[in-house]
Amino acid sequence: MSTGITIALSKGRILQEAIPLFAGAGIHLAEDPDESRKLIIPSTDPAVRFLVIRASDVPTYVTWGAADVGIAGKDVLLEQEGLDLYEPLDLRIGICHMAVAEPASLAAHDAPQNWERVRIATKYPHITRNYFHARGVQTEIIKLYGSMELAPLVGLADRIVDLVSSGRTLKENGLVEVEEIMPISSRLVVNRAAMKLKRHAIETLISQLEAQVAS
Ligand SMILES: Nc1ncnc2c1ncn2[C@@H]1O[C@H](COP(=O)(O)OP(=O)(O)OP(=O)(O)O)[C@@H](O)[C@H]1O
Ligand SMILES: O=P(O)(O)OC[C@H]1O[C@H](OP(=O)(O)OP(=O)(O)O)[C@H](O)[C@@H]1O
C-alpha cells in the first residue's frame, strides 16, 4: 500500500465546490478535471492524488480501498445500503434536499396525508421505499437514472422523489414540492483500513478540511 492519499470525487458540482476546500487546505489539482480527460489527476502535493469518477461510484472505490477518501452526497450514501465506511465530516457542499413532487394540477386537489398507494419515479428506490413504508403508504417505484421531472408529464408516474435546490427544475416543468424527505449535503468518507494504516495523513486532511468548512 502506498503512503500517499487517493481521493475520489465526481466531476461537476461536487468537484467545483470541493476545489476551494482543498485549496484552503493547501492541496491544488494539477489540472482542471473539467478540461482534461484524465481520470487520475495529480495534485501539487506529491502525496495526494484525485480520482475523477461518477458520483454514485465514489462509495464503491472507497469501500474497496481503491481510494482512501472520497466525497459523496448523503443521497448516494443512503441509497447504497450497507456501506462500511467512516463518514467523519459534513463538508456543507452540494446542499439541497430530497422531496416528493407532483404536477401542480394534481397538487391542487391532493391530500398527502390520505395517500394509500403512490406510483413514484425516482433515482432513489431504497430511500423512497423506506420513507413511504415508514408512513404506511404502499409504493410502486419506477427506477430512473436522471431527468425524473419528465415522468409525471408523460404519464410514467404520478409523482417523483428527487433532489431540489433552487426549485427551478420543478417550476419549469410545472411540478410542485409536496413533502420534504430530508436535507442533503456532501460528506467526506474514509476507507476503514486506510483510517488505521494512514491515520496521521488522513486525520491531518480531515482537520484541514474541517477548518475550511468552519471558516
Ligand atoms: N441541484 C443540486 N444542488 C445541490 N446539490 C446537488 C444537486 N443535485 C445533486 N446534488 C448533489 O450532488 C451530487 C452529485 O450530483 P451530480 O448531478 O454531479 O451527479 P449525478 O449525475 O447525480 O451522479 P451520477 O453520475 O452517478 O448519476 C448528488 O449526489 C447530490 O448529493
Ligand atoms: O432545484 P434545482 O436547482 O433546479 O436543482 C434540482 C435538479 O438538480 C439535480 O439534477 P442535475 O442538475 O444533477 O441533473 P441530473 O440529475 O438529471 O443529471 C436534481 O436531480 C434536479 O433535477
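Model, not experiment: these values are computed from the prediction.

What counts and what doesn't
Residues numbered from 1 in each chain as written. Chains lettered and ligands numbered in written order. Predicted model: local features only at pLDDT ≥ 70, side-chain atom pairs only at ≥ 80, totals over all residues. Heavy atoms only, no water. Pairing = 2+ DSSP bridges. Helix = DSSP H or I, 4+ residues; strand = E, 2+ residues; numbered from the N terminus. Right-handed = clockwise from strand over helix to strand, strands pointing away. Near = heavy atom within 4 Å. Polar contact = N/O pair within 3.5 Å; in protein donor to acceptor, adjacent residues only side chain to side chain. 1 Å grid on protein atoms, 1.4 Å probe; cavity = no way out; pocket = protein on both sides within 12 Å on 5 of 7 lines; lining within 4 Å. Sits in = over half its atoms within 2 Å of the grid points. Domains from an automatic or database assignment. Contact = heavy atoms within 4.5 Å. Buried area = accessible area lost by both parts, 1.4 Å probe. Salt bridge = Lys/Arg side-chain N within 4 Å of Asp/Glu carboxyl O. Nonpolar A, V, L, I, M, F, W, Y, C, P; charged D, E, K, R; others polar. Axes fitted to C-alpha atoms, helices over the stretch in contact; angles between N-to-C directions.

What's the story with the pairing of strand 7 (residues 117–122) in this structure? I'm lost.
By the bridge criterion, six bridges tie strand 7 to strand 8 (residues 138–143) in an arrangement that is parallel. Among the inter-strand pairings, Arg119 is bridged to a residue of strand 8, identified as Glu140. On the question of chirality, the crossover connecting strand 7 to the parallel strand 8 by way of helix 5 (residues 125–134) is right-handed. Summarising the sheet, strand 7 and strand 9 (residues 159–164) pair through three bridges and their orientation is parallel. Pairing of Thr122 across the sheet is with Val161, part of strand 9.

Before we go on, may I ask you to explain the site of ligand 1 in this structure?
Close to ligand 1 lie 16 residues, the nearest being Arg13, Arg54, Ser56, Asp75 and Lys123. A distance of 2.5 Å is found between an oxygen atom of ligand 1 and a side-chain nitrogen or oxygen belonging to Arg54. Side-chain polar atom of Ser56 to an oxygen atom of ligand 1: 2.7 Å apart, as the coordinates give it. Most atoms of ligand 1, that is more than half of them, are within 2 Å of grid points of the largest pocket.

So what exactly am I meant to see when it comes to the domain arrangement of the chain here?
By convention, interface size is frequently given as the accessible area that disappears when the constituent parts associate. As far as domains go, the chain holds domain 1 (5–95 + 185–214) and domain 2 (96–183). At the junction of the two partners, domain 1 supplies seven residues and domain 2 supplies 12 residues. Buried surface at the junction of domain 1 and domain 2, summed over both partners, amounts to about 760 Å²; 50% is from carbon and sulfur atoms. Inspection of the region where domain 1 meets domain 2 yields zero salt bridges. Looking at the side of domain 1 that touches domain 2 residue by residue, the classes come out as two nonpolar, two polar and three charged.

Mind showing me how you'd approach the sheet that holds strand 6 (residues 96–103) here?
Two modes of strand pairing occur in sheets, parallel and antiparallel, and in both the strands are linked by backbone hydrogen bonds. One open sheet holds the five strands; their spatial order is 8-7-9-6-10, and the pairing between them is mixed. Strands with a single pairing partner mark the edges of an open sheet, and in this sheet they are strand 8 and strand 10 (175–184). For this sheet, the mean angle separating the axes of adjacent strands, direction not counted, is 30 degrees. In terms of strand pairing, strand 6 meets strand 10 through eight bridges, oriented antiparallel. Across the sheet, residue Cys96 finds its bridge partner in strand 10, namely Ile184. Its contacts with the sheet put helix 5 on strand 6, strand 7, strand 8, strand 9 and strand 10, and the angle it makes with strand 8 is roughly 170 degrees.

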